[in-house]
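Summary of structural features
The lines below spell out each chain.
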Amino acid sequence: QPIEIPDRPIPNILVTGTPGTGKTTTSELIAQVTGLQHVNVGAIVKAKQLHEGYLEEFDTHVLDEDKLIDELEDTMTEGGKIVDFHTCEIFPERWFDLVIVLRADTATLYDRMEKRGYNKRKIEENMECEIMQIVLENAHESYEPEIVVELQSNTVDDMESNVERVKQWLDAYRARHA
Ligand code: ADP
Ligand code: MN
C-alpha cells in the first residue's frame, strides 16, 4: 500500500550505512555545501539518553525507538534535514525524499574502525553487517526503490563525488518544487 510522502518544498535526506562508512563526514560536507541541516541521530540519542536499557553482552545500549521518533518528529516535518544514522528501518517512510546508503570496502572499513578504537567484537559485528549488506537490504525493504541510492565511500574522491551528486539531486528537487 503506497504511502503519502508530503510534498515538502525542501527535502529531507537520510544518510545511512554501517558504522565507519562515512555518514557523519559526508553529511557535514553536504550540510556545508547545500545549507541543509545536519541531524546526527547518534549524538541526539546520547545527549537525550533515548535508551531503554543496556546489553552487557554486546556492550550496546538499546535504543528507545518511540522516544527517538517523538523527539525528531517536529524537526523532520520542517524539512531541509540531512539525517545521519546507522539504522534506517526505524524511521517513518514519509520523512525522507532520498535515502543514501554509504558502502565501504571491508579492508577500508576495518582500518577506520580500528583507528576509532572499536573492540574486536564490535569490529567483527560491523564487518559482517557490511559484508551481508544489511543496511542496504533494510533500506530497500523500508523505502521506495527510486529513492534509495547506494554510494561507495572509500576515498576522498568518492566523498567529493557523492556530495556533488546530492547537490545536483537537490537542485533538481528544488526546480521541481519551485
Ligand atoms: P560514520 O559516521 O559512518 O561512522 P565517519 O564519517 O565518522 O563514519 O567516518 C569514519 C572515518 O573514516 C573518519 O575518520 C573519516 O574521516 C573517514 N572517512 C569517511 N569517509 C571517507 C571517505 N570517503 N574517504 C576517506 N576517508 C573517509
Ligand atoms: Mn557517525
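Overview of the structure. Just so it is clear, the structure is predicted and the values come from calculations on it, not from any experiment.

Thresholds, definitions, all that
Residues numbered from 1 in each chain as written. Chains lettered and ligands numbered in written order. Predicted model: local features only at pLDDT ≥ 70, side-chain atom pairs only at ≥ 80, totals over all residues. Heavy atoms only, no water. Disulfide = S-S within 2.5 Å. Buried < 20%, exposed > 50% of the residue type's maximum accessible area, 1.4 Å probe, protein only. Near = heavy atom within 4 Å. Polar contact = N/O pair within 3.5 Å; in protein donor to acceptor, adjacent residues only side chain to side chain. 1 Å grid on protein atoms, 1.4 Å probe; cavity = no way out; pocket = protein on both sides within 12 Å on 5 of 7 lines; lining within 4 Å. Sits in = over half its atoms within 2 Å of the grid points. Helix = DSSP H or I, 4+ residues; strand = E, 2+ residues; numbered from the N terminus. Nonpolar A, V, L, I, M, F, W, Y, C, P; charged D, E, K, R; others polar. Patch = residues over 30% accessible without salt bridge, like charges linked within 9 Å, V, L, I, M, F, W, Y side chains within 5 Å. Areas by Shrake-Rupley, 256 points an atom, 1.4 Å probe, with all protein chains shown as cover. Salt bridge = Lys/Arg side-chain N within 4 Å of Asp/Glu carboxyl O. Points joined across faces, edges and corners; volume = space filled by probe spheres on them. Core = buried A, V, L, I, M, F, W, Y, C linked by side-chain atoms within 4.5 Å. Contact = heavy atoms within 4.5 Å. Phe/Tyr/Trp six-rings, centres within 6.5 Å; stacked < 30°, edge-to-face > 60°. Pairing = 2+ DSSP bridges. Axes fitted to C-alpha atoms, helices over the stretch in contact; angles between N-to-C directions.

1. Remarks on the state of the cysteines
- Taken as a whole and assessed by the stated rule, the structure comprises zero disulfides.
- Looking at the unpaired C88, the closest cysteine sulfur is the one in C129, lying at 9.9 Å.
- By relative accessible area, C129 is classed as buried at 18%.

2. Comments concerning the site of ligand 1
- Surrounding ligand 1, one finds 14 residues, the nearest of these being G20, K23, T25, R116 and T155.
- T25 is positioned with one of its side-chain polar atoms (N or O) 2.5 Å from an oxygen atom of ligand 1.
- Placement of ligand 1 is best described as lying within the largest pocket.
- Mapped by element, the contributors of at least two residues to the shell around ligand 1 are α1 (23-34) and α7 (156-176).
- It is α1 that contributes the most residues to the shell around ligand 1, three residues altogether.
- Among the residues forming the shell around ligand 1, the class breakdown is three nonpolar, eight polar and three charged.

3. What to know about a nonpolar patch on the surface
- Among the surface-exposed residues, L55, F58 and V62 lie close enough to one another that they form a single nonpolar patch of about 220 Å² accessible area.
- Relative to the elements of secondary structure, V62 occurs in strand β4 (residues 60-63).
- For V62, a relative accessible area of 30% translates into the label partly exposed.

4. A closer look at the layout of surface pockets
- Looking at the largest pocket, its volume works out to about 1,500 Å³.
- Together, 41 residues line the largest pocket, and P19, F85, H86, Y118 and K122 are the ones closest to its centre.
- Of all elements in the fold, only α1, α2 (41-48), β3 (51-55), β4, α5 (120-131) and α6 (134-142) reach the threshold of two or more residues within the lining of the largest pocket.
- Here the lining of the largest pocket is built from residues that sort into 15 nonpolar, 16 polar and 10 charged.

5. Brief notes about the nonpolar core
- With 26 residues, the main nonpolar core has V41, L68, F91, F96, V99 and Y143 as its most contacted residues.
- Put simply, the parts of the chain that give this core at least two residues each are α2, α3 (65-78), β6 (98-103) and α6.
- Residue contributions to this core peak at four residues, all from α3.
- Once residues lying within four places of it in the same chain are set aside, the contact partners of Y143 are L14, C88, F91, P92, E93, F96, V99 and V148.
- If you look at the next biggest cluster of nonpolar residues, it comprises 15 residues, including V15, L98, V149 and V166.

6. Quick notes on the packing of aromatic side chains
- Across all of its chains, the model carries six aromatic pairs by this definition.
- Among the aromatic side chains, those forming a connected cluster through ring pairs are F85, F91, W95, F96 and Y143.

7. A word on the sheet that holds strand β5 (residues 81-84)
- A sheet is described by the order of its strands in space; here five strands give the open sequence β2-β5-β1-β6-β7, paired in parallel fashion. Across the chains shown, the open sheet's two edge strands, defined by having one partner strand only, are β2 (37-40) and β7 (148-152). Each adjacent strand pair in this sheet contributes to an overall mean axis angle of 20 degrees, direction not counted.
- Sheet topology note: the β2/β5 ladder contains four bridges and is parallel. The partner of H38 across the bridge, within β5, is I82.
- Packing against the sheet, α2 makes contact with β2 and β5, and its axis sits at approximately 55 degrees to β2.
- The strands touched by α6 within the sheet are β1 (13-16), β6 and β7, with β6 carrying the most contacts at an inclination of about 165 degrees.

8. Brief notes about the side chain of T21
- Positionally, T21 belongs in the loop between β1 and α1.
- T21 sits in the buried class, given a relative accessible area of 0%.
- Setting aside its immediate chain neighbours within four residues, T21 contacts L102, R103, A104, L109, R112, E130 and S153.

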